Structures are given as C-alpha cells and as structure tokens.
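Letter by letter, the chains look like this.
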Amino acid sequence: FLDLTKIGGFVAKSLTLAPRRGNPPPRIAEAPSGMLNAISLENVGVDAFVSEKLPALPAGVVVIASLFETEIDRYAEVAKRLAGVPRVAGLEVNASCPHVKSGGIEFGQDPQVLAQLVRAVRRATSAPLLVKLSPNVTSIAEMARVCEGEGADGLSLINAVQALEVDVERRRPVLANGLGGLSGPAIRPIALRMVWQARQAVKLPICGIGGITSAEDAVKFLLCGASAVQVGTSNYLEPGLAARVAEGIAAYAARQGFPRVADLV
C-alpha cells in the first residue's frame, strides 16, 4: 500500500513476553466518526516479533517497538529482550494497560504507579524511550511531568478513550468485552487539547496521536506542540494515508514559508 521508508517510522503492535490471544469477538465496531475496539492487544510475543516479524519488514524502515504487560517487572523484561536488537530504533511504553497488582487500574492513571513503570523500563534499556499516555486521567500535564522526571525521552499521546456503544436490538454492548477504546476523528479535539497541555508542562518531544485523516489534521498537532504524529485508525480506510500525510505536511510548510517542518512546532 505504501513505501514504509517514505514515512518517519513504523510503530509495531504492542508486545508482551508471551503470545497473547486477546478478547473474543465481536471486538471491533464502528462508532460515530470513529472506531471502538477491545482487541486486548493480541500479539505474537516479543521473541517471535524479533525472530519473524522484524526480518519481514523492508530494510531502511525505522521501527519503534511498543511494549505492554500487566506487571512492572514484566514490562522491564520485554524491554530487556528488545535491547540491542539492531532493527529496533526505540521503544514505546504503552501505559494504558490495567495493572493486575493494583486492582486493574491503568498504569497511566496513577502518578506513582506510572513513575515506577517508567523508572523500571528506563533502567532496563538505553534505547530511546517514549511513553504512550492514557487520556483517561484528570491531568495529562501531571502524567507528562512524571515521565519527564523518570527519564523518558518523549511522549506519545493520546491512546484510545474508554467508551461504550450499545446494540438496542440485543440490549447489549456491541463489543463482547463491553467497554472498548474509542479512536478516530471523534477523539481528535481531545488529543489536541492534551498535546497542548502536555507541551506547556514538559520539554520532552511529543508524538501526537488521535484521529488524523489528513495533512491538515497532522499540522494541527504540530501547531499544538507535537514534534511528530502517528496515523492509526485511518489506515483501516486508507492504508496508504501516512505517506500522503507526510507529503502534505511538507507542502504546507513550504506554502506557509517555513524552511523546515520543525518550525511549525
């Protein structure tokens, strides 16, 4: 669908220590201006990713490995197994997963738990470290400061917003899991607000995520303080979109008289 070397990088599916099956279907559904999913991060596991998935990606593609787990020491172990893998340019810690030992609360919802998580992963690897923050918090600025204080190299925000949709004929949630994560254009204004708030709070570079469907959408994130963006849900509709977004950002900067795209931030 597109030449992956034409975009800045590729963030792979979140990885766990062991393969993970995820939730039973239905686990994905349309929502107004977006998509609901409760896939529960199904993946092949970190070892299979390194041995099978990485070699299958074209040479020259910048790969960021995403990682998550249910306990802090397991997060750190995933990071250790990715340390020194030549094709992995950096790590993105998915902090929006429930922490089993904390009664199911997301790592990214409790400042103290988030600090412990980032500290542990930081100690486990010297690779560039992004932390993907949950939007399901009262203060994104507080969470951003926690990450900065524990040695993160950057932030990715936002993750999907917790949501629910109902099938009135069955009188049940549309997803088997009940709750799911809302992504797509519906959450873009929320994501822009949180990127802007985090930018006021920390000096870390930010990767903006949430509902990008065009170069104009991406530029909005840069103007709010993001240094890079990710395209996720829109890939389901237009698998070649990311390359067109990248080209469009450059064209916008040139049209507006900015010598570099970075000058938009």
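Shown above is the structure to which this text applies.
The structure displayed is predicted, hence computed values, not measured ones.

What counts as what
Residues numbered from 1 in each chain as written. Predicted model: local features only at pLDDT ≥ 70, side-chain atom pairs only at ≥ 80, totals over all residues. Heavy atoms only, no water. Helix = DSSP H or I, 4+ residues; strand = E, 2+ residues; numbered from the N terminus. Buried < 20%, exposed > 50% of the residue type's maximum accessible area, 1.4 Å probe, protein only. Lys, Arg positive; Asp, Glu negative; His and termini not counted. Salt bridge = Lys/Arg side-chain N within 4 Å of Asp/Glu carboxyl O. Polar contact = N/O pair within 3.5 Å; in protein donor to acceptor, adjacent residues only side chain to side chain. Phe/Tyr/Trp six-rings, centres within 6.5 Å; stacked < 30°, edge-to-face > 60°. Axes fitted to C-alpha atoms, helices over the stretch in contact; angles between N-to-C directions. Left-handed = near helix turned anticlockwise from the far one by under 90°. Contact = heavy atoms within 4.5 Å. Disulfide = S-S within 2.5 Å. Pairing = 2+ DSSP bridges. Patch = residues over 30% accessible without salt bridge, like charges linked within 9 Å, V, L, I, M, F, W, Y side chains within 5 Å. Areas by Shrake-Rupley, 256 points an atom, 1.4 Å probe, with all protein chains shown as cover. Arc of directions from axis to C-beta. Core = buried A, V, L, I, M, F, W, Y, C linked by side-chain atoms within 4.5 Å. Expected span 1.5 Å × (residues − 1).

Remarks on the side chain of E106
Its location among the elements puts E106 in the loop between β5 (88-94) and α3 (111-124). One buried charged side chain, E106, makes no salt bridge at all; its nearest oppositely charged neighbour is K132, positioned 11 Å away. Reaching out from E106, the side chain makes a polar contact with the side chain of S134 at a distance of 2.7 Å. Side-chain polar atoms of E106 contact the side chain of N136, separated by 3.5 Å.

Regarding the packing of aromatic side chains
One pass over the full model with this rule turns up 1 aromatic pair. Relative to F107, the ring of Y75 lies with its centre 5.0 Å away and its plane at 85 degrees, an arrangement referred to as edge-to-face. Placement of Y75 in helix α2 (residues 72-82) and of F107 in the loop between β5 and α3 is noted, with a sequence separation of 32 residues between them. For the pair shown, Y75 and F107 are each scored as buried.

Thoughts on the packing of helix α6 (residues 215-223) against helix α7 (residues 241-255)
Between two packed helices, both the angle of their axes relative to each other and the distance between the axes serve to describe the pair. Running from amino to carboxyl end, α6 crosses α7 at an angle of 60 degrees, the nearest separation of the two axes being 8 Å. In the crossing of α6 with α7, the sense of the turn from one axis to the other is right-handed. Along the contact surface, α6 presents A215, A218, V219, L222 and L223, while α7 presents V245, G248, I249 and Y252.

Some points on the state of the cysteines
All told, the structure shown has 0 disulfides when counted by the stated rule. Considering cysteine sulfurs only, C147 is the nearest to C207, which forms no disulfide, with 14 Å between them. Just so you know, C224 is unpaired, no disulfide at all, and the nearest cysteine sulfur is the one on C207, 14 Å from it.

Some words on the sheet that holds strand β7 (residues 154-157)
What the 7 strands build is an open sheet, ordered β1-β4-β5-β6-β7-β12-β13; its pairing is parallel. A strand with exactly one partner marks an edge of an open sheet, and here the two such strands are β1 (10-11) and β13 (228-230). In this fold α2 packs onto β4 (63-67) and β5, with an angle of close to 170 degrees to the strand it touches most, β5.

Remarks on the pattern of salt bridges
By the definition in use, this model includes 10 salt bridges. Note that R244 is salt-bridged to E238, the shortest N-O span being 2.8 Å. Within the structure, one salt-bridge network assembled from shared partners comprises D47, E77 and R81.

Regarding a nonpolar patch on the surface
Taken together, the side chains of L164, V166, V168 and L179 make up a nonpolar region of the molecular surface, amounting to roughly 360 Å² of accessible area. Positionally, L179 belongs in the loop between β10 (172-173) and β11 (180-183). For L179, a relative accessible area of 39% gives the class partly exposed.

Concerning α2
Since the α-helix packs 3.6 residues into each turn, any two residues three or four apart lie on the same face. What α2 keeps buried is the set I72, Y75, A76, V78, A79 and L82. The buried residues of α2 occupy one face: seen down the axis, they fall within an arc of 155 degrees. Summarising the contacts, the buried residues of α2 are in contact with α1 (46-56), β4, β5 and α3. In the stretch just after α2, G84 is the one whose phi turns positive, near 80 degrees.

Notes on the sheet that holds strand β2 (residues 28-31)
Strands pair in a sheet through their backbones, by hydrogen bonds, and they do so in one of two ways: parallel or antiparallel. The 4 strands lie next to each other as β2-β3-β11-β8, forming an open sheet whose pairing is antiparallel. Two strands bound the open sheet, and with one partner strand each, they are β2 and β8 (161-163). Going across the sheet, the axis of each strand differs from the next one's by a mean of 35 degrees, ignoring polarity. As judged from the 3 bridges shared by β8 and β11, these two strands associate in the antiparallel manner. Across the sheet, the residue bridging to V161 is L182, located in β11.

So, the nonpolar core
Counting residues in hydrophobic clusters, the biggest one holds 82 residues, and the most contacted among them are L82, L155 and L157. Top element by residues in this core is α3. It accounts for 8 residues. Setting aside residues up to four positions removed in sequence, L82 forms contacts with L15, V46, F49, V50, A65, L67, V88 and L91.

Here we look at helix α5 (residues 188-201)
The end-to-end C-alpha distance of α5, which contains 14 residues, comes to 20 Å, matching closely the 20 Å that a straight helix rising 1.5 Å per residue would cover. Every buried residue of α5 is listed here: R188, A191, L192, M194, V195 and A198. Angularly, the buried residues of α5 cover 165 degrees about the axis, an arc narrow enough to put them on a single face. For α5, the exposed residues lying more than 90 degrees away from the buried face are P189 and Q200. Tucked inside the fold, the buried residues of α5 contact α4 (140-149), β7, β12 (206-209) and α6.

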